[in-house]
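Tertiary structure, described
Listed here are the chains, written in short residue letters.
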Amino acid sequence: MTTTGTPNSNPGISGPGEHEQLGDSIRRSGLKVTSPRLAVLRALDDSPHTSAERLFAAVRLELPGTSLQAVYGVLAAFTSAGLTRRIEPSGSPALYERRVGDNHHHLICSRCAAVQDVDCAVGAAPCLEPSDTGGFAVHAAEVTYWGLCPDCQAATA
């Protein structure tokens, strides 16, 4: 799956201090730093909007003994701690990204499944106001825009 979009909330993590920076972000979220957690963060930095299965394939190259279940466990812990965001496009597996806390939305190609970040539709979170809140105190909105990416448009022209 091709992924593009606005950089995640931790741009430019690479080089000698990468391990420390990733470890610091894990610690700040209240979690213990482990090799699988570091490997998952590295994989997410390299490929945002990625499924657990694709992350597992990347992590397995670095840590051959890692299981798919371990990757799911890391992702669940990260999502609960606010270190990653899980998005669930209709008809697709859940996707994970590191860009969190800004209530951004997503553009998804209905042909090739490319995903791109798009900033809040209008103003600050929740970006959209429901016609009836039903008594809820709304703090976020999640919007998925579907269409054809530029590459798929060109291919179908």
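One structure accompanies this document, and this report is about it. (Residues numbered from 1 in each chain as written. Predicted model: local features only at pLDDT ≥ 70, side-chain atom pairs only at ≥ 80, totals over all residues. Heavy atoms only, no water.)

**Quick notes on the overall build of the chain**
Regarding its fold elements, the chain presents 5 helices and 6 strands. Ordered by position in the sequence, the α and β elements of the chain form the string β-α-α-α-α-β-β-β-β-β-α. Each of the 157 residues in the chain was classed as buried or not, and the buried ones make up 36%. Here the contacts in the chain between residues at least 6 apart in sequence split such that 50% fall between residues at least 24 apart. On the chain, roughly 8,800 Å² of surface is accessible, and the fraction owed to carbon and sulfur atoms is 53%. (Helix = DSSP H or I, 4+ residues; strand = E, 2+ residues; numbered from the N terminus. Buried < 20%, exposed > 50% of the residue type's maximum accessible area, 1.4 Å probe, protein only. Contact = heavy atoms within 4.5 Å. Areas by Shrake-Rupley, 256 points an atom, 1.4 Å probe, with all protein chains shown as cover.)

**With respect to the nonpolar core**
Ile26, Val40, Leu55, Val71, Leu75, Phe78 and Tyr96 are the most contacted members of the largest nonpolar core, which has 21 residues in total. Those elements that place two or more of their residues in this core are α1 (18–28), α2 (35–46), α3 (52–62) and α4 (68–81). Residue contributions to this core peak at 6 residues, all from α2. Ignoring any residue separated from it by four or fewer positions in sequence, one finds Tyr96 in contact with Leu44, Pro48, His49, Thr50, Ala52, Leu55, Leu75, Thr79, Arg85 and Arg86. (Core = buried A, V, L, I, M, F, W, Y, C linked by side-chain atoms within 4.5 Å.)

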